[in-house]
Amino acid sequence: MKHFSKKFSTVVIASLALVSTSVCATPSGKNMSIWIDVGGPVGGPYATVVQNGAKQAAEDLGANLRVVYSDWQPQKMIENFKQAVAANPSGIIIMGHPGDSAYQPLVLEAENKGINVTSIDTALPVSMGAMQDKGFGYVGVSNAKRGIKLAAEALRRGQFKAGDHALVWGIKDIAERSKSTRGMIKTLEQAGLTVDFLQISPETDKDPSLGTAAITSYLASHISTKLILVDHGSLTSQMANFLRNAGVKPKEIYVAGFSLSPATADAIRSEYVQLVADSQPYLMGYLSVVQTVLSKRYGFSGLNIDTGAGFVDLKNINFIAPLATKGIR
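Calculation criteria
Residues numbered from 1 in each chain as written. Predicted model: local features only at pLDDT ≥ 70, side-chain atom pairs only at ≥ 80, totals over all residues. Heavy atoms only, no water. UniProt positions renumbered as here; feature names shortened; annotations may be inferred. Domains from an automatic or database assignment. Contact = heavy atoms within 4.5 Å. Buried area = accessible area lost by both parts, 1.4 Å probe. Salt bridge = Lys/Arg side-chain N within 4 Å of Asp/Glu carboxyl O. Polar contact = N/O pair within 3.5 Å; in protein donor to acceptor, adjacent residues only side chain to side chain. Nonpolar A, V, L, I, M, F, W, Y, C, P; charged D, E, K, R; others polar. Axes fitted to C-alpha atoms, helices over the stretch in contact; angles between N-to-C directions. Helix = DSSP H or I, 4+ residues; strand = E, 2+ residues; numbered from the N terminus. Parallel < 35°, antiparallel > 145°, perpendicular 65-115°, else oblique. Pairing = 2+ DSSP bridges. Buried < 20%, exposed > 50% of the residue type's maximum accessible area, 1.4 Å probe, protein only. Arc of directions from axis to C-beta. Right-handed = clockwise from strand over helix to strand, strands pointing away. Expected span 1.5 Å × (residues − 1).

An unreviewed UniProt entry lists the protein under the name Autoinducer 2-binding periplasmic protein LuxP, with Photobacterium andalusiense as the source organism. UniProt annotates the protein under Sequence similarities (unreviewed entry) with the comment "Belongs to the bacterial solute-binding protein 2 family." Recorded under Subcellular location (unreviewed entry), the UniProt text for the protein is reproduced unchanged: "Cell envelope".

Structure representation (structure tokens):
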């Protein structure tokens, strides 16, 4: 598994060179305050890894970090952003789920106040195009590409044929975020599979334990399901529990999803989950703080950093699992 792309390595080396050079007698982030919205609820596995990366970067650079949570709700992300702007920090790191139409006027207002803004996890291409020269960048993966890649890899590894039934459990109603789910559906349909879609409710988005009823109910009436793609990291981590409750045996259904956690590692080892795409949220947190500090301190334009690295399965989980336990992978 490739852990670092050449592009990423170049960015990290250049960043650390600037941070550690003897010319800078004091930490680059000294006297800077940065707000970051890590997306999910307090204690959520994905949000926690983003937070861990951001905290480590802030410590390394000497910046003050304020972490806020939004339960994956776009409106709450907007409210968090307005609250952050009112506090007038050096920089704000946002999740892009609400989309450009909701964010761009607010981002412009923040930039006019001298606040550096950058996005993670879900891109804001219009905002970035308009304000990249002011330090607005993106750290994460392409939502459209990540859905397509996961679906294509599952098709390549699994033994599926035209007409087989698949379920995509995802999100279709949140701006840029929805492109991942739509990419999954399109890829499976192009391969000839019969695809059902199940919307992740706002309640389940916030509390993954509520997903048991959704999966149990669906499988009770769709016993021929061969493949489930889960467009949600926290729900992926709970798939072993969901399937056990539904009376499904390991490997009986091919399951693929996103993001790592100790629970996801256990699901892979138990063979209830066969494939996980890792977008490396630790790097989203870490590099977004690095970018904010460097843009604010030295006037660098925004960076566009792709953190997608590869796939995790039964073959490499023993190497990755200890890092997931530490909240790094």
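Caption draft 1: Structural view of the domain arrangement of the protein. Domain parsing of the protein yields domain 1 (33-141 + 280-308) and domain 2 (144-278). Taken over C-alpha atoms, the centre of domain 1 sits 28 Å from the centre of domain 2. At the interface, 18 residues of domain 1 touch 13 residues of domain 2. Across the domain 1 to domain 2 interface the summed buried area is about 1,300 Å²; carbon plus sulfur atoms make up 60%. Among the residues domain 1 hides against domain 2, the three largest losses belong to Pro 45, Trp 72 and His 97. Together they make up 31% of the total. Viewed at the interface, domain 2 and domain 1 are joined by 1 salt bridge. At the surface where domain 1 touches domain 2, the tally comes to 1 residue pair in polar contact (both at pLDDT 80 or more). Considered class by class, the residues forming the side of domain 1 that touches domain 2 number 10 nonpolar, 7 polar and 1 charged.

Caption draft 2: Fine view of the packing of helix α3 (residues 74-87) against helix α4 (residues 100-112). Where α3 contacts α4, the axes come no closer than 11 Å and their chain directions differ by 10 degrees. With respect to their mutual orientation, α3 and α4 come out roughly parallel. Counting all contacts with α3, which are made through Met 77, Ile 78, Phe 81, Lys 82 and Val 85, the residues of α4 involved are Ala 102, Tyr 103, Leu 106, Val 107, Glu 109 and Ala 110. Each residue belonging to the contact of α3 with α4 can be placed in one class, and the counts come to 9 nonpolar, no polar and 2 charged.

Caption draft 3: A look at the UniProt feature "domain: Periplasmic binding protein" (unreviewed entry) in the protein. As recorded in UniProt, the feature "domain: Periplasmic binding protein" (unreviewed entry) lies at residues 43-290. Secondary structure within residues 43-290 divides into 50% helix and 18% strand; the distance between the first and last C-alpha atoms comes to 23 Å.

Caption draft 4: How the structure looks around unusual backbone geometry. Look at Trp 72: it is not a glycine, yet its phi comes out positive at around 65 degrees. Looking at the secondary structure, you find Trp 72 in the loop between β2 (64-68) and α3. Its identity as a non-glycine residue notwithstanding, Ser 259 has a phi of 70 degrees, on the positive side. Structurally, Ser 259 can be placed in the loop between β9 (254-258) and α12 (262-269).

Caption draft 5: Structural context of the sheet that holds β9. As summarised here, the arrangement of the 6 strands in space is β7-β6-β8-β9-β10-β12, forming an open sheet in which the pairing is mixed. If you trace the sheet from one side to the other, it starts and ends with β7 (194-199) and β12 (310-312), each paired once. Going from strand to strand, the sheet's axes swing by 20 degrees on average, the running direction of each strand aside. With 3 bridges joining them, β9 and strand β10 (residues 275-278) adopt parallel strand pairing. Residue pairing across strands places Ala 256 opposite Leu 275, the latter belonging to β10. Here helix α6 (residues 143-157) sits on the sheet and contacts β8 (225-230), β9, β10 and β12; the angle it forms with β9, its principal contact strand, is near 155 degrees. Sheet strands in contact with helix α7 (residues 178-190) are β6 (165-170), β7, β8 and β9, and its direction is about 170 degrees off that of β6.

Caption draft 6: Spotlight on α12. Within the span of α12, buried status applies to Thr 264, Ala 265, Ala 267 and Ile 268. Here the buried residues of α12 occupy an arc of 160 degrees about the axis, which is enough to place them on one side. If you follow the buried residues of α12, they end up packed against α10 (233-237), α11 (239-245), β10, β12 and α14 (317-325). Looking one or two residues past α12, Glu 271 carries a phi angle of roughly 70 degrees, positive in sign.

Caption draft 7: Region of the structure containing the pairing of strand β4 (residues 116-120). In terms of burial, β4 is a largely internal element, 5 of the 5 residues being buried. Alternating positions in β4 separate into two faces, Asn 116, Thr 118 and Ile 120 on one and Val 117 and Ser 119 on the other, with burial throughout. Assessed by its sense of winding, the connection that carries the chain from strand β3 (residues 91-95) through α4 to β4 is right-handed. Of the strand pairs in this sheet, β4 and strand β5 (residues 138-140) are connected by 2 bridges, and their pairing is parallel.

Caption draft 8: Focus on helix α2 (residues 45-61). Compared with the 24 Å implied by 1.5 Å per residue over 17 residues, the 25 Å span of α2 between its first and last C-alpha is a close match. Tyr 46, Ala 47, Val 49, Val 50, Gln 51, Gly 53, Ala 54, Ala 57, Ala 58 and Leu 61 are the residues of α2 that are buried. Phi turns positive one or two residues past the end of α2, at Gly 62, with a value near 80 degrees.

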